[in-house]
Amino acid sequence: MGQSYFQDSEFHCRCGRPTCDAPRAPHPELLTRLNIMRALYGAPLVVTSGNRCRFWNTHEGGKKNSEHLTGEAADVQCTNSVDRWLMDEAARQAGFDRLGLGKDFLHVGVSRELPQKVLWHYYPEKSGL
């Protein structure tokens, strides 16, 4: 693939700690698929969460085996239903088999160690119903 739509800095951990030990670059497969997704989507994609250290992953409520810890995932800003549909379609066409839907983001992941062909949500469970 030619020029990337993304800079490694977009994936840097957001903890801001000098002792951060998160990966400095995204996993190559993640970057390849994100570039394909971006081309299919036809507009810029904003990475709101990329690589994380364990400290920041805990802070963000991430799972202990989160793909963010290995550079195999990114959360991409998505704030309306039209973009959500188009991004989901582009992500699937780009070969993403691990998708998570949040209120204002789409999680895309490439880990082969975790379940494949899954789509989950981050919406809070309603209680008392």
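Everything numeric in this text was worked out from a predicted model, so none of it was measured.

Draft legend 1. Spotlight on the nonpolar core. Core analysis: the biggest nonpolar cluster contains 20 residues, and Leu 30, Leu 34, Met 37, Leu 45, Met 87, Phe 96 and Val 108 have the highest contact counts within it. For this core, the secondary structure elements donating two or more residues are helix H1 (28-41), strand E2 (73-77), helix H3 (81-93) and strand E4 (105-109). When residues of this core are assigned to their parent elements, the largest contribution, four residues, is made by H1. Residues contacting Phe 96, with those up to four places away along its chain left out, are Leu 30, Arg 33, Leu 34, Met 37, Ala 91, Val 108, Gly 109 and Val 110. Counting residues in hydrophobic clusters, the runner-up holds five residues, among them Cys 13, Cys 15, Ala 22 and Cys 53.

Draft legend 2. Seen up close, the sheet that holds E2. Ordered in space as E1-E2-E4-E3-E5, the five strands form an open sheet in which the pairing is mixed. On the outer flanks of this sheet lie strand E1 (47-49) and strand E5 (118-121), each paired with one strand and no other. Sheet twist, expressed as the average angle between the axes of neighbouring strands with direction ignored, equals 30 degrees.

Draft legend 3. View of the packing of H1 against H3. The geometry of H1 relative to H3 is characterised by a closest axis approach of 8 Å and an angle of 130 degrees between their N-to-C directions. It follows that H1 is oblique to H3 by the angle criterion. Where H1 crosses over H3, the handedness of that crossing is right-handed. Between H1, through Met 37, Leu 40 and Tyr 41, and H3, the contact on the second element is made entirely by Asp 83, Leu 86, Met 87, Ala 90, Ala 91 and Gln 93. Along the lines of polarity and charge, the residues of the contact of H1 with H3 split into seven nonpolar, one polar and one charged.

Draft legend 4. Inspection of the environment of Gly 62 at higher detail. The topology assignment puts Gly 62 in the loop between helix H2 (54-59) and E2. Classification of Gly 62 by relative accessible area gives partly exposed; the value is 27%. Sequence spacing of Gly 62 and Ala 74 is twelve residues, and the spatial spacing of their C-alpha atoms is 12 Å. Not counting the four nearest positions on each side in its chain, Gly 62 is found in contact with Arg 52 and Asn 57.

Parameters and conventions
Residues numbered from 1 in each chain as written. Predicted model: local features only at pLDDT ≥ 70, side-chain atom pairs only at ≥ 80, totals over all residues. Heavy atoms only, no water. Core = buried A, V, L, I, M, F, W, Y, C linked by side-chain atoms within 4.5 Å. Buried < 20%, exposed > 50% of the residue type's maximum accessible area, 1.4 Å probe, protein only. Helix = DSSP H or I, 4+ residues; strand = E, 2+ residues; numbered from the N terminus. Contact = heavy atoms within 4.5 Å. Pairing = 2+ DSSP bridges. Axes fitted to C-alpha atoms, helices over the stretch in contact; angles between N-to-C directions. Parallel < 35°, antiparallel > 145°, perpendicular 65-115°, else oblique. Left-handed = near helix turned anticlockwise from the far one by under 90°. Nonpolar A, V, L, I, M, F, W, Y, C, P; charged D, E, K, R; others polar.

Everything listed here is a matter of coordinates, which is why it stays silent on function.
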